[in-house]
Amino acid sequence: MSMTPEATDRRSISVTVNGQRHDVDVETRLTLADCLRHRLGLTGTHLGCEHGVCGACTVLVNGNTARSCLMLAVQADGAEIATVEGIASENGEWHPLQKAFHEHHALQCGFCTAGILTSMVEFLQENPDPDEPEVREALSGNICRCTGYQGIVQAVLDAARRLRSPNQESSS
Amino acid sequence: MKPPPFHYYDPGTVQEAIALLGSLDNAKLLAGGQSLMPMLNMRYVLPDHVIDLNRIPELSHIDESEDRIVIGAMTRQREIERSEFLARRCPIFREALIQVGHRQTRNRGTIGGSLCHLDPAAELPAVLAALDATIHVTGPQGSREVPIAEFPAFYMTPAIELDELVTSISFEPWPEGHKSAFVEFARRPGDFAIVGVAALLATNDAGEVLRAAVTLAGVAAGPVRCSAAEEQLVGAGIGDDLIRVAAETCRDIDAMEDVHAPSSYRQHLAAELVARAVQAAVDGPGAGLSR
Ligand code: FES
Ligand code: FES
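Calculation notes
For every chain, the first residue of the written sequence is number 1, and numbering continues from 1 onward in sequence order. Here chains are named by letter from A upward and ligands by number from 1 upward, in the order in which they appear as written. Whole-chain, interface and lining totals are the exception, using all residues; otherwise, since this is a predicted model, local features are given only for residues with pLDDT of at least 70 and side-chain atom pairs are given and counted only at 80 or more. Think of the side-chain values as coming from all heavy atoms in the structure, minus any hydrogens and water. If DSSP finds at least two bridges between two strands, the strands pair. Strands here mean DSSP runs of E at least two residues long; helices mean DSSP runs of H or I at least four residues long; both are numbered from the N terminus. Working convention: axes come from line fits to C-alpha atoms, limited for helices to the stretch in contact. Angles between N-to-C directions cover 0 to 180 degrees. Contact criterion: two residues are considered in contact whenever any of their non-hydrogen atoms come within 4.5 Å of each other. A helix's residues, less one, multiplied by 1.5 Å, set its expected span. For every residue, the accessible area (1.4 Å probe, protein chains only) is compared with the maximum for its type, and the residue is labelled buried under 20%, exposed over 50%, or partly exposed between those bounds. By buried area we mean how much accessible surface two parts lose on assembly, using a 1.4 Å probe and totalling the loss over both. Basic side-chain nitrogens of Lys or Arg form a salt bridge, by our definition, when they fall within 4 Å of a carboxyl oxygen of Asp or Glu. Contacts described as polar in this section are N or O atom pairs within 3.5 Å, which, within protein, must combine one atom able to donate a hydrogen with one able to accept it, while residues neighboring in sequence count only if both atoms come from side chains. In this scheme Phe, Tyr and Trp rings, the latter by its six-membered ring, pair at centre separations within 6.5 Å, and the angle between planes marks the pair as stacked below 30 degrees, edge-to-face above 60, and tilted otherwise. Buried Ala, Val, Leu, Ile, Met, Phe, Trp, Tyr and Cys residues form a nonpolar core when they are joined through side-chain atoms within 4.5 Å. As annotated, the domain borders come from an automatic or database domain assignment. In this count, Pro and Cys sit with the nonpolar residues alongside Ala, Val, Leu, Ile, Met, Phe, Trp and Tyr, while Asp, Glu, Lys and Arg are called charged and the others, Gly among them, polar. By the definition adopted for this analysis, an angle is roughly parallel if under 35 degrees, roughly antiparallel if over 145, roughly perpendicular if from 65 to 115, and oblique otherwise. When the near helix sits turned anticlockwise from the far one by under a right angle, the crossing is termed left-handed; a clockwise turn instead gives a right-handed crossing.

A. Spotlight on the sheet that holds strand E1 (residues 7-9) of chain B. All names here are of chain B. Taken together, three strands build an open sheet; the order of strands is E1-E3-E2 and the sheet is parallel. The two strands at the open ends of the sheet, each matched to only one other strand, are E1 and strand E2 (27-30). For this sheet the average axis-to-axis angle between neighbouring strands, irrespective of direction, equals 20°. Along the sheet, helix H1 (residues 14-23) contacts E1, E2 and strand E3 (49-52); its crossing angle with E3, the most-contacted strand, is approximately 165°.

What follows is the structure, given as C-alpha coordinates:
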(Lines give C-alpha, C1' and ligand atoms only; values in the text may rest on other atoms or scores of the structure.)
(Ligands and ions follow the chains in the order given, each with its own letter.)
Protein backbone atom coordinates (compact mmCIF):
# COMPACT_ATOMS: atom_id res chain seq x y z
CA MET A 1 0.00 0.00 0.00
CA SER A 2 1.15 3.48 -0.73
CA MET A 3 1.74 6.02 1.97
CA THR A 4 -0.95 8.36 3.07
CA PRO A 5 -0.28 11.90 1.88
CA GLU A 6 0.55 13.16 5.37
CA ALA A 7 3.26 10.54 5.71
CA THR A 8 5.24 11.61 2.64
CA ASP A 9 8.99 11.90 2.69
CA ARG A 10 10.54 15.33 2.78
CA ARG A 11 14.07 16.57 2.17
CA SER A 12 15.99 19.80 2.27
CA ILE A 13 17.66 20.51 -1.01
CA SER A 14 19.80 23.26 -2.38
CA VAL A 15 19.58 24.20 -6.05
CA THR A 16 21.12 27.02 -8.01
CA VAL A 17 18.61 28.41 -10.47
CA ASN A 18 19.74 31.00 -12.98
CA GLY A 19 22.77 31.69 -10.79
CA GLN A 20 20.83 32.14 -7.58
CA ARG A 21 21.00 29.58 -4.81
CA HIS A 22 17.80 28.36 -3.18
CA ASP A 23 17.43 26.17 -0.13
CA VAL A 24 14.05 24.49 -0.12
CA ASP A 25 12.33 21.80 1.88
CA VAL A 26 10.40 19.61 -0.54
CA GLU A 27 8.34 16.46 -0.64
CA THR A 28 10.55 13.86 -2.31
CA ARG A 29 7.80 13.16 -4.84
CA LEU A 30 7.71 16.79 -6.02
CA THR A 31 8.80 17.15 -9.64
CA LEU A 32 11.48 19.66 -10.54
CA ALA A 33 8.91 21.47 -12.69
CA ASP A 34 6.53 21.93 -9.76
CA CYS A 35 9.38 22.96 -7.50
CA LEU A 36 10.41 25.69 -9.96
CA ARG A 37 6.87 26.91 -10.49
CA HIS A 38 5.22 26.54 -7.10
CA ARG A 39 8.08 26.75 -4.65
CA LEU A 40 10.39 29.19 -6.40
CA GLY A 41 7.74 31.16 -8.28
CA LEU A 42 9.49 30.68 -11.64
CA THR A 43 6.40 30.20 -13.76
CA GLY A 44 8.21 30.71 -17.08
CA THR A 45 8.65 26.94 -17.24
CA HIS A 46 5.36 25.57 -18.53
CA LEU A 47 3.70 22.21 -18.10
CA GLY A 48 1.83 20.85 -21.08
CA CYS A 49 1.61 17.10 -20.70
CA GLU A 50 3.49 16.17 -17.52
CA HIS A 51 4.65 12.92 -19.06
CA GLY A 52 7.61 13.83 -21.18
CA VAL A 53 5.99 14.31 -24.57
CA CYS A 54 5.47 18.01 -25.25
CA GLY A 55 8.79 19.57 -24.23
CA ALA A 56 7.20 22.70 -22.73
CA CYS A 57 8.89 22.07 -19.37
CA THR A 58 12.44 21.75 -20.76
CA VAL A 59 15.14 23.32 -18.59
CA LEU A 60 18.93 23.01 -18.53
CA VAL A 61 20.36 20.86 -15.74
CA ASN A 62 24.12 21.34 -15.42
CA GLY A 63 24.06 22.61 -18.99
CA ASN A 64 22.07 19.74 -20.51
CA THR A 65 18.42 19.91 -21.41
CA ALA A 66 15.99 17.78 -19.45
CA ARG A 67 12.24 17.48 -19.10
CA SER A 68 11.60 19.01 -15.69
CA CYS A 69 8.34 17.05 -15.41
CA LEU A 70 10.41 13.85 -15.53
CA MET A 71 12.84 14.79 -12.76
CA LEU A 72 12.26 14.94 -9.05
CA ALA A 73 13.30 18.11 -7.31
CA VAL A 74 15.48 16.01 -4.97
CA GLN A 75 17.42 14.82 -7.99
CA ALA A 76 18.41 18.42 -8.66
CA ASP A 77 19.95 18.82 -5.21
CA GLY A 78 23.35 20.41 -5.82
CA ALA A 79 22.66 21.06 -9.51
CA GLU A 80 22.76 24.24 -11.57
CA ILE A 81 19.47 24.82 -13.33
CA ALA A 82 18.80 27.33 -16.08
CA THR A 83 15.22 28.21 -16.95
CA VAL A 84 13.82 30.55 -19.57
CA GLU A 85 13.97 33.35 -17.00
CA GLY A 86 17.75 33.00 -17.01
CA ILE A 87 18.64 33.05 -20.67
CA ALA A 88 18.61 36.84 -21.19
CA SER A 89 21.81 38.59 -20.16
CA GLU A 90 22.17 40.06 -16.67
CA ASN A 91 21.45 43.60 -17.81
CA GLY A 92 18.11 42.42 -19.18
CA GLU A 93 19.13 42.37 -22.82
CA TRP A 94 17.38 39.58 -24.68
CA HIS A 95 19.24 36.50 -25.83
CA PRO A 96 19.68 36.43 -29.64
CA LEU A 97 17.17 33.55 -29.70
CA GLN A 98 14.60 35.69 -27.91
CA LYS A 99 15.16 38.59 -30.31
CA ALA A 100 14.83 36.31 -33.30
CA PHE A 101 11.67 34.69 -31.92
CA HIS A 102 10.17 38.14 -31.41
CA GLU A 103 11.02 39.30 -34.93
CA HIS A 104 9.99 36.14 -36.75
CA HIS A 105 6.67 35.72 -34.96
CA ALA A 106 7.93 32.41 -33.66
CA LEU A 107 5.29 32.36 -30.95
CA GLN A 108 1.58 32.89 -30.74
CA CYS A 109 0.22 31.77 -27.37
CA GLY A 110 3.76 31.27 -26.11
CA PHE A 111 3.01 28.12 -24.17
CA CYS A 112 5.68 26.08 -25.94
CA THR A 113 8.21 28.90 -26.14
CA ALA A 114 10.11 28.45 -22.88
CA GLY A 115 10.89 24.82 -23.65
CA ILE A 116 11.87 25.62 -27.20
CA LEU A 117 14.22 28.42 -26.18
CA THR A 118 16.00 26.32 -23.57
CA SER A 119 16.27 23.41 -26.02
CA MET A 120 17.69 25.67 -28.73
CA VAL A 121 20.24 27.22 -26.35
CA GLU A 122 21.78 23.76 -25.96
CA PHE A 123 21.36 22.87 -29.64
CA LEU A 124 23.09 25.99 -30.97
CA GLN A 125 25.96 25.60 -28.54
CA GLU A 126 26.59 22.18 -30.02
CA ASN A 127 25.79 23.00 -33.59
CA PRO A 128 26.37 26.71 -34.25
CA ASP A 129 25.75 26.44 -37.99
CA PRO A 130 22.79 24.11 -38.53
CA ASP A 131 20.84 23.66 -41.74
CA GLU A 132 17.06 23.64 -41.80
CA PRO A 133 16.57 19.86 -41.55
CA GLU A 134 18.88 19.81 -38.53
CA VAL A 135 16.85 22.57 -36.89
CA ARG A 136 13.61 20.69 -37.53
CA GLU A 137 15.11 17.51 -36.11
CA ALA A 138 16.31 19.42 -33.03
CA LEU A 139 12.80 20.82 -32.58
CA SER A 140 11.18 17.40 -32.84
CA GLY A 141 10.95 17.02 -29.08
CA ASN A 142 8.92 20.22 -28.66
CA ILE A 143 5.30 20.47 -29.65
CA CYS A 144 3.80 23.79 -30.75
CA ARG A 145 0.06 23.80 -31.35
CA CYS A 146 -0.14 27.34 -32.75
CA THR A 147 2.54 28.40 -35.16
CA GLY A 148 3.01 25.58 -37.64
CA TYR A 149 6.74 25.84 -36.86
CA GLN A 150 7.70 28.00 -39.90
CA GLY A 151 8.48 31.06 -37.80
CA ILE A 152 10.25 28.98 -35.17
CA VAL A 153 12.55 27.35 -37.73
CA GLN A 154 13.33 30.73 -39.32
CA ALA A 155 14.00 32.28 -35.92
CA VAL A 156 16.40 29.53 -34.89
CA LEU A 157 18.32 29.81 -38.15
CA ASP A 158 18.47 33.58 -37.76
CA ALA A 159 19.56 33.34 -34.12
CA ALA A 160 22.32 30.94 -35.18
CA ARG A 161 23.54 33.56 -37.67
CA ARG A 162 23.47 36.27 -35.02
CA LEU A 163 25.32 34.12 -32.51
CA ARG A 164 28.02 33.39 -35.09
CA SER A 165 28.55 37.06 -35.92
CA PRO A 166 27.18 39.02 -32.98
CA ASN A 167 27.55 42.47 -34.54
CA GLN A 168 25.47 41.76 -37.57
CA GLU A 169 21.80 42.70 -37.50
CA SER A 170 19.03 40.34 -38.45
CA SER A 171 19.19 39.19 -42.04
CA SER A 172 15.43 39.17 -42.42
CA MET B 1 -0.66 14.16 -12.95
CA LYS B 2 1.56 14.11 -9.87
CA PRO B 3 3.56 11.17 -8.55
CA PRO B 4 1.98 9.26 -5.68
CA PRO B 5 3.65 9.45 -2.27
CA PHE B 6 6.64 7.14 -1.80
CA HIS B 7 9.74 6.79 0.33
CA TYR B 8 12.81 7.99 -1.55
CA TYR B 9 16.38 6.70 -1.31
CA ASP B 10 19.48 7.73 -3.21
CA PRO B 11 22.24 5.28 -2.38
CA GLY B 12 25.83 6.08 -3.34
CA THR B 13 27.02 2.55 -4.10
CA VAL B 14 25.71 -0.60 -5.76
CA GLN B 15 26.03 -2.46 -2.44
CA GLU B 16 23.78 0.05 -0.70
CA ALA B 17 21.27 -0.13 -3.52
CA ILE B 18 21.15 -3.94 -3.32
CA ALA B 19 20.75 -3.85 0.45
CA LEU B 20 17.78 -1.50 0.05
CA LEU B 21 16.29 -3.52 -2.76
CA GLY B 22 16.53 -6.69 -0.66
CA SER B 23 14.90 -5.19 2.40
CA LEU B 24 12.06 -3.10 0.95
CA ASP B 25 8.77 -4.39 -0.39
CA ASN B 26 7.21 -2.93 -3.52
CA ALA B 27 10.31 -0.91 -4.41
CA LYS B 28 11.09 0.53 -7.85
CA LEU B 29 14.50 1.42 -9.22
CA LEU B 30 14.70 4.87 -10.78
CA ALA B 31 17.27 5.09 -13.61
CA GLY B 32 16.99 7.91 -16.17
CA GLY B 33 13.30 8.28 -15.37
CA GLN B 34 12.13 8.75 -18.96
CA SER B 35 9.67 5.85 -18.63
CA LEU B 36 9.20 5.46 -14.89
CA MET B 37 8.52 9.15 -14.23
CA PRO B 38 5.63 9.32 -16.74
CA MET B 39 4.23 6.14 -15.18
CA LEU B 40 4.51 7.69 -11.72
CA ASN B 41 2.96 10.95 -12.88
CA MET B 42 0.05 9.04 -14.37
CA ARG B 43 -0.02 6.73 -11.35
CA TYR B 44 0.22 3.60 -13.45
CA VAL B 45 2.73 2.42 -10.86
CA LEU B 46 2.34 2.94 -7.13
CA PRO B 47 5.60 1.95 -5.48
CA ASP B 48 6.05 2.29 -1.71
CA HIS B 49 9.74 2.93 -2.22
CA VAL B 50 11.76 4.53 -5.00
CA ILE B 51 15.48 3.77 -5.11
CA ASP B 52 17.23 6.35 -7.25
CA LEU B 53 20.39 5.08 -8.97
CA ASN B 54 21.50 8.49 -10.24
CA ARG B 55 23.99 9.08 -7.44
CA ILE B 56 25.99 5.89 -7.99
CA PRO B 57 29.06 6.95 -10.01
CA GLU B 58 30.34 3.38 -10.44
CA LEU B 59 27.35 2.61 -12.68
CA SER B 60 28.25 5.19 -15.30
CA HIS B 61 31.19 4.42 -17.57
CA ILE B 62 32.24 3.29 -21.04
CA ASP B 63 35.27 0.98 -20.93
CA GLU B 64 37.13 1.50 -24.18
CA SER B 65 38.61 -1.94 -24.64
CA GLU B 66 39.42 -3.62 -27.92
CA ASP B 67 38.57 -7.04 -26.50
CA ARG B 68 35.38 -6.43 -24.62
CA ILE B 69 33.53 -3.15 -24.36
CA VAL B 70 31.72 -2.59 -21.07
CA ILE B 71 29.04 0.06 -20.62
CA GLY B 72 27.76 0.89 -17.15
CA ALA B 73 24.00 0.54 -16.72
CA MET B 74 23.51 4.20 -15.76
CA THR B 75 25.47 5.58 -18.69
CA ARG B 76 23.24 8.16 -20.38
CA GLN B 77 22.03 7.41 -23.89
CA ARG B 78 23.46 10.73 -24.94
CA GLU B 79 26.96 9.85 -23.67
CA ILE B 80 26.86 6.65 -25.69
CA GLU B 81 25.62 8.58 -28.73
CA ARG B 82 28.48 11.07 -28.40
CA SER B 83 31.28 8.63 -27.59
CA GLU B 84 33.93 8.92 -30.30
CA PHE B 85 35.29 5.51 -29.35
CA LEU B 86 31.92 3.85 -29.90
CA ALA B 87 31.34 5.83 -33.07
CA ARG B 88 34.50 4.25 -34.44
CA ARG B 89 34.27 0.74 -32.97
CA CYS B 90 30.55 0.27 -32.79
CA PRO B 91 28.82 2.91 -34.91
CA ILE B 92 25.43 1.21 -34.71
CA PHE B 93 24.94 2.75 -31.27
CA ARG B 94 24.98 6.31 -32.57
CA GLU B 95 22.76 5.49 -35.50
CA ALA B 96 20.21 3.72 -33.28
CA LEU B 97 20.30 6.30 -30.50
CA ILE B 98 19.61 9.24 -32.79
CA GLN B 99 16.26 7.52 -33.31
CA VAL B 100 15.56 7.05 -29.58
CA GLY B 101 13.22 9.69 -28.17
CA HIS B 102 14.64 13.20 -28.35
CA ARG B 103 17.84 14.95 -27.29
CA GLN B 104 16.17 16.10 -24.05
CA THR B 105 15.15 12.55 -23.11
CA ARG B 106 18.48 11.04 -24.22
CA ASN B 107 20.29 13.44 -21.88
CA ARG B 108 18.63 11.59 -18.99
CA GLY B 109 17.73 8.15 -20.35
CA THR B 110 20.19 5.33 -19.64
CA ILE B 111 21.16 2.12 -21.41
CA GLY B 112 20.30 0.00 -18.36
CA GLY B 113 16.96 1.74 -18.01
CA SER B 114 16.00 1.07 -21.63
CA LEU B 115 17.05 -2.52 -21.27
CA CYS B 116 15.13 -3.21 -18.05
CA HIS B 117 12.02 -1.30 -19.11
CA LEU B 118 12.13 -3.61 -22.15
CA ASP B 119 9.62 -1.85 -24.32
CA PRO B 120 9.07 -4.18 -27.30
CA ALA B 121 9.77 -1.30 -29.69
CA ALA B 122 12.99 -0.18 -27.98
CA GLU B 123 16.05 0.22 -30.15
CA LEU B 124 18.82 -0.53 -27.65
CA PRO B 125 17.79 -4.11 -26.79
CA ALA B 126 17.76 -4.93 -30.53
CA VAL B 127 21.25 -3.48 -30.91
CA LEU B 128 22.50 -5.42 -27.89
CA ALA B 129 20.93 -8.60 -29.27
CA ALA B 130 22.74 -8.09 -32.57
CA LEU B 131 25.98 -7.71 -30.60
CA ASP B 132 25.24 -10.85 -28.52
CA ALA B 133 25.77 -8.76 -25.42
CA THR B 134 26.05 -10.07 -21.89
CA ILE B 135 24.03 -8.42 -19.14
CA HIS B 136 25.80 -8.19 -15.78
CA VAL B 137 23.45 -8.43 -12.83
CA THR B 138 24.16 -8.08 -9.11
CA GLY B 139 22.00 -9.14 -6.17
CA PRO B 140 22.36 -10.26 -2.54
CA GLN B 141 23.71 -13.60 -3.79
CA GLY B 142 26.49 -11.92 -5.76
CA SER B 143 26.92 -11.19 -9.46
CA ARG B 144 25.89 -13.22 -12.46
CA GLU B 145 25.75 -12.89 -16.22
CA VAL B 146 22.67 -13.17 -18.40
CA PRO B 147 23.00 -13.55 -22.19
CA ILE B 148 20.86 -10.98 -23.95
CA ALA B 149 18.88 -13.76 -25.66
CA GLU B 150 17.67 -14.94 -22.24
CA PHE B 151 17.12 -11.48 -20.80
CA PRO B 152 13.48 -10.91 -21.82
CA ALA B 153 11.28 -13.12 -19.61
CA PHE B 154 8.04 -11.88 -21.11
CA TYR B 155 6.32 -8.66 -22.10
CA MET B 156 8.21 -5.73 -20.53
CA THR B 157 9.73 -8.06 -17.94
CA PRO B 158 13.45 -8.84 -17.75
CA ALA B 159 14.63 -12.20 -16.42
CA ILE B 160 16.16 -10.80 -13.24
CA GLU B 161 15.00 -11.23 -9.66
CA LEU B 162 13.23 -8.49 -7.72
CA ASP B 163 16.31 -7.99 -5.54
CA GLU B 164 18.77 -7.80 -8.44
CA LEU B 165 19.89 -4.89 -10.53
CA VAL B 166 21.69 -4.59 -13.86
CA THR B 167 25.13 -3.07 -13.34
CA SER B 168 26.59 -3.17 -16.85
CA ILE B 169 26.38 -4.52 -20.36
CA SER B 170 29.39 -5.98 -22.18
CA PHE B 171 30.09 -7.27 -25.66
CA GLU B 172 32.94 -8.13 -27.96
CA PRO B 173 33.32 -5.43 -30.60
CA TRP B 174 33.08 -6.53 -34.21
CA PRO B 175 36.23 -6.18 -36.36
CA GLU B 176 37.26 -2.62 -37.03
CA GLY B 177 35.65 -1.37 -40.23
CA HIS B 178 32.64 -3.68 -39.99
CA LYS B 179 29.41 -2.42 -41.52
CA SER B 180 26.24 -1.66 -39.63
CA ALA B 181 22.92 0.14 -39.78
CA PHE B 182 19.86 0.75 -37.69
CA VAL B 183 16.67 1.37 -39.64
CA GLU B 184 13.20 1.84 -38.25
CA PHE B 185 9.73 2.89 -39.24
CA ALA B 186 7.85 5.20 -36.86
CA ARG B 187 4.89 7.47 -37.54
CA ARG B 188 6.93 10.54 -36.59
CA PRO B 189 10.63 10.87 -35.75
CA GLY B 190 11.09 10.12 -32.04
CA ASP B 191 7.89 8.09 -31.74
CA PHE B 192 8.01 4.45 -30.79
CA ALA B 193 9.00 2.43 -33.82
CA ILE B 194 6.50 -0.02 -35.26
CA VAL B 195 9.42 -2.15 -36.46
CA GLY B 196 13.15 -1.50 -36.19
CA VAL B 197 16.12 -3.46 -37.58
CA ALA B 198 19.69 -3.69 -36.36
CA ALA B 199 22.14 -5.09 -38.93
CA LEU B 200 25.84 -5.85 -38.56
CA LEU B 201 28.01 -7.21 -41.35
CA ALA B 202 31.65 -8.18 -41.56
CA THR B 203 32.91 -8.59 -45.11
CA ASN B 204 36.24 -9.47 -46.71
CA ASP B 205 37.96 -7.46 -49.41
CA ALA B 206 36.08 -9.34 -52.11
CA GLY B 207 32.78 -8.19 -50.62
CA GLU B 208 31.81 -11.60 -49.27
CA VAL B 209 29.95 -11.64 -46.00
CA LEU B 210 31.96 -13.39 -43.28
CA ARG B 211 29.56 -12.73 -40.46
CA ALA B 212 26.09 -11.22 -40.18
CA ALA B 213 23.74 -10.30 -37.35
CA VAL B 214 20.21 -9.08 -37.99
CA THR B 215 17.70 -8.42 -35.21
CA LEU B 216 14.23 -6.92 -35.07
CA ALA B 217 12.58 -4.60 -32.57
CA GLY B 218 8.83 -4.17 -32.35
CA VAL B 219 7.69 -7.62 -33.45
CA ALA B 220 7.69 -9.52 -30.14
CA ALA B 221 8.22 -8.97 -26.41
CA GLY B 222 11.98 -9.02 -26.86
CA PRO B 223 14.34 -8.53 -29.79
CA VAL B 224 14.00 -11.21 -32.48
CA ARG B 225 17.01 -12.68 -34.21
CA CYS B 226 16.61 -13.27 -37.97
CA SER B 227 18.75 -16.40 -38.16
CA ALA B 228 17.44 -17.39 -41.58
CA ALA B 229 18.40 -14.00 -43.02
CA GLU B 230 21.83 -14.21 -41.41
CA GLU B 231 22.38 -17.68 -42.93
CA GLN B 232 21.48 -16.41 -46.38
CA LEU B 233 23.94 -13.53 -46.07
CA VAL B 234 26.98 -15.38 -44.71
CA GLY B 235 29.33 -16.80 -47.33
CA ALA B 236 27.73 -14.96 -50.20
CA GLY B 237 28.78 -11.89 -52.15
CA ILE B 238 26.59 -8.95 -51.27
CA GLY B 239 24.25 -7.77 -54.01
CA ASP B 240 20.64 -6.75 -54.63
CA ASP B 241 19.41 -10.31 -55.17
CA LEU B 242 21.06 -11.65 -52.06
CA ILE B 243 19.67 -8.83 -49.93
CA ARG B 244 16.16 -9.48 -51.24
CA VAL B 245 16.35 -13.23 -50.65
CA ALA B 246 17.69 -12.71 -47.13
CA ALA B 247 15.02 -10.13 -46.32
CA GLU B 248 12.19 -12.28 -47.61
CA THR B 249 12.98 -14.88 -44.94
CA CYS B 250 11.52 -12.40 -42.43
CA ARG B 251 8.14 -12.18 -44.13
CA ASP B 252 6.62 -15.04 -42.16
CA ILE B 253 8.07 -14.36 -38.72
CA ASP B 254 5.69 -14.42 -35.76
CA ALA B 255 4.77 -10.79 -35.28
CA MET B 256 2.61 -9.27 -32.58
CA GLU B 257 -0.52 -7.27 -33.17
CA ASP B 258 -1.58 -4.12 -31.32
CA VAL B 259 -3.40 -0.80 -31.79
CA HIS B 260 -0.60 0.50 -33.99
CA ALA B 261 -0.45 -2.28 -36.56
CA PRO B 262 -1.69 -5.80 -37.35
CA SER B 263 0.85 -8.60 -37.47
CA SER B 264 0.70 -8.82 -41.28
CA TYR B 265 1.84 -5.20 -41.49
CA ARG B 266 4.71 -5.88 -39.11
CA GLN B 267 5.75 -8.88 -41.21
CA HIS B 268 5.76 -6.72 -44.29
CA LEU B 269 7.79 -4.05 -42.52
CA ALA B 270 10.23 -6.65 -41.20
CA ALA B 271 11.02 -7.90 -44.70
CA GLU B 272 11.20 -4.41 -46.17
CA LEU B 273 13.27 -2.89 -43.38
CA VAL B 274 15.73 -5.79 -43.22
CA ALA B 275 16.44 -5.20 -46.91
CA ARG B 276 16.90 -1.48 -46.26
CA ALA B 277 19.08 -2.06 -43.21
CA VAL B 278 21.43 -4.47 -44.98
CA GLN B 279 21.64 -2.09 -47.93
CA ALA B 280 22.27 0.85 -45.59
CA ALA B 281 25.03 -1.08 -43.84
CA VAL B 282 26.67 -1.71 -47.20
CA ASP B 283 26.24 1.95 -48.20
CA GLY B 284 28.08 3.20 -45.14
CA PRO B 285 27.74 5.39 -42.05
CA GLY B 286 24.53 7.31 -41.61
CA ALA B 287 22.75 5.66 -44.52
CA GLY B 288 20.22 4.06 -42.18
CA LEU B 289 18.86 7.43 -41.11
CA SER B 290 17.55 8.38 -44.50
CA ARG B 291 15.54 5.21 -45.01
S1 FES C 1 5.24 18.94 -19.51
FE2 FES C 1 7.15 17.97 -19.47
S3 FES C 1 7.31 17.22 -21.48
FE4 FES C 1 5.27 17.99 -21.44
S1 FES D 1 2.94 29.30 -29.62
FE2 FES D 1 1.21 28.31 -28.83
S3 FES D 1 1.95 26.31 -28.55
FE4 FES D 1 3.55 27.24 -29.57
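Now, onward.
B. Local environment of helix H11 (residues 263-283) of chain B. Residue and element names in this part refer to chain B. End to end, H11 covers 30 Å across 21 residues, agreeing with the expected 30 Å (1.5 Å per residue, within 8%). Taken as a whole, H11 has its buried residues at Arg-266, Leu-269, Ala-270, Ala-271, Leu-273, Val-274, Ala-275, Ala-277, Val-278, Ala-280 and Ala-281. Each element contacted by the buried residues of H11 is listed here: strand E11 (179-185), strand E12 (195-203), strand E13 (209-217), helix H9 (227-233) and helix H10 (240-248). Of the residues trailing H11, Gly-284 is marked for its positive phi of about 115°.

C. Spatial organisation of the interface of chain A and chain B. Listed per partner, the contact involves 37 residues of chain A and 34 residues of chain B. Contact between chain A and chain B buries roughly 3,000 Å² in total, counting both sides, with carbon and sulfur atoms accounting for 47%. Two residues, A:Asp34 and B:Lys2, come together in a salt bridge whose shortest N-O distance is 2.6 Å. In this assembly, chain A and chain B are joined by 21 residue pairs in polar contact (both at pLDDT 80 or more).

D. Region of interest: the packing of aromatic side chains. Residues and elements named next belong to chain B. Within this structure, the stated rule accounts for one aromatic pair over all chains. Their ring planes at 40° and their centres at 5.7 Å tell us that Phe-93 and Phe-171 sit as a pair that is tilted. With a gap of 78 residues between them, Phe-93 in helix H5 (residues 92-97) and Phe-171 in strand E10 (residues 165-171) connect regions that are remote in the sequence.

E. The arrangement of the nonpolar core in detail. Residue and element names in this part refer to chain B. Judged by nonpolar contacts, the single largest core of 39 residues is most densely connected at Phe-93, Ile-135 and Phe-151. Ranked by the residues each element gives to this core, the list is headed by helix H8 (residues 123-130), at six residues. Two domains share this core, each providing at least three of its residues, namely domain 2 (58-171) and domain 3 (179-290). The residues contacting Phe-151, other than those within four sequence positions of it, are Leu-115, Cys-116, Leu-118, Ile-135, Val-146, Thr-157, Pro-158, Ala-159, Ile-160 and Val-166.

F. View of the pairing of strand E7 (residues 142-147) of chain B. Residues and elements named next belong to chain B. For strand E6 (residues 134-139) and E7, the ladder comprises six bridges, and the chain directions are antiparallel. Within E7, the residue paired with His-136 across the bridge is Glu-145. Hairpin remark: E6 followed by E7, antiparallel, with two residues in the connecting loop.

G. Highlighting the domain arrangement of chain A. Residue and element names in this part refer to chain A. Assigned domains within chain A: domain 1 (10-86) and domain 2 (96-164). For domain 1 versus domain 2, the distance between C-alpha centres works out to 22 Å. Each partner contributes to the interface: domain 1 provides 18 residues, whereas domain 2 provides 13 residues. Roughly 1,100 Å² of surface becomes buried between domain 1 and domain 2 when both sides are summed, with 57% attributable to carbon and sulfur atoms. When residues of domain 1 are sorted by the area they lose upon contact with domain 2, His-46, Thr-65 and Val-84 head the list and together hold 37% of the total. Inspection of the region where domain 1 meets domain 2 yields zero salt bridges. Here domain 1 is connected to domain 2 by seven residue pairs in polar contact (both at pLDDT 80 or more). At the level of elements, strand E3 (58-61) and strand E4 (64-67) are the ones that each hand at least two residues to the side of domain 1 that touches domain 2. Residue composition of the side of domain 1 that touches domain 2, grouped by class: eight nonpolar, nine polar and one charged.

H. Seen up close, the packing of H10(B) against H11(B). Residues and elements named next belong to chain B. Where H10 contacts H11, the two axes come as close as 8 Å, and the packing angle between them is 140°. By the criterion of interaxial angle, the relationship of H10 to H11 is oblique. The handedness of the crossing between H10 and H11 is right-handed. Here Asp-240, Ile-243, Arg-244, Ala-247 and Glu-248 of H10 come into contact with H11, specifically with Ala-271, Glu-272, Val-274, Ala-275, Val-278 and Gln-279. Considered class by class, the residues forming the contact of H10 with H11 number six nonpolar, one polar and four charged.

I. Just the side chain of A:His104, in detail. All names here are of chain A. Positionally, His-104 belongs in the loop between helix H2 (96-103) and helix H3 (113-126). Classification of His-104 by relative accessible area gives buried; the value is 17%. A distance of 2.8 Å separates a polar atom in the side chain of His-104 from a polar atom in the side chain of Asp-158.

J. How the structure looks around the domain arrangement of chain B. All names here are of chain B. Domain assignment breaks chain B into domain 1 (7-52), domain 2 (58-171) and domain 3 (179-290). The gap between the C-alpha centroids of domain 1 and domain 2 is 19 Å. Taken together, the contacts link 13 residues of domain 1 with 19 residues of domain 2. Counting the surface lost from both domain 1 and domain 2, the interface buries some 1,100 Å², and carbon and sulfur atoms represent 73% of this. For domain 1, the biggest contributors to the area lost against domain 2 are Val-14, Ile-18 and Gln-34; these three give 44% of the whole. Put simply, domain 1 and domain 2 have zero salt bridges between them. Where domain 1 touches domain 2, the interface holds one residue pair in polar contact (both at pLDDT 80 or more).

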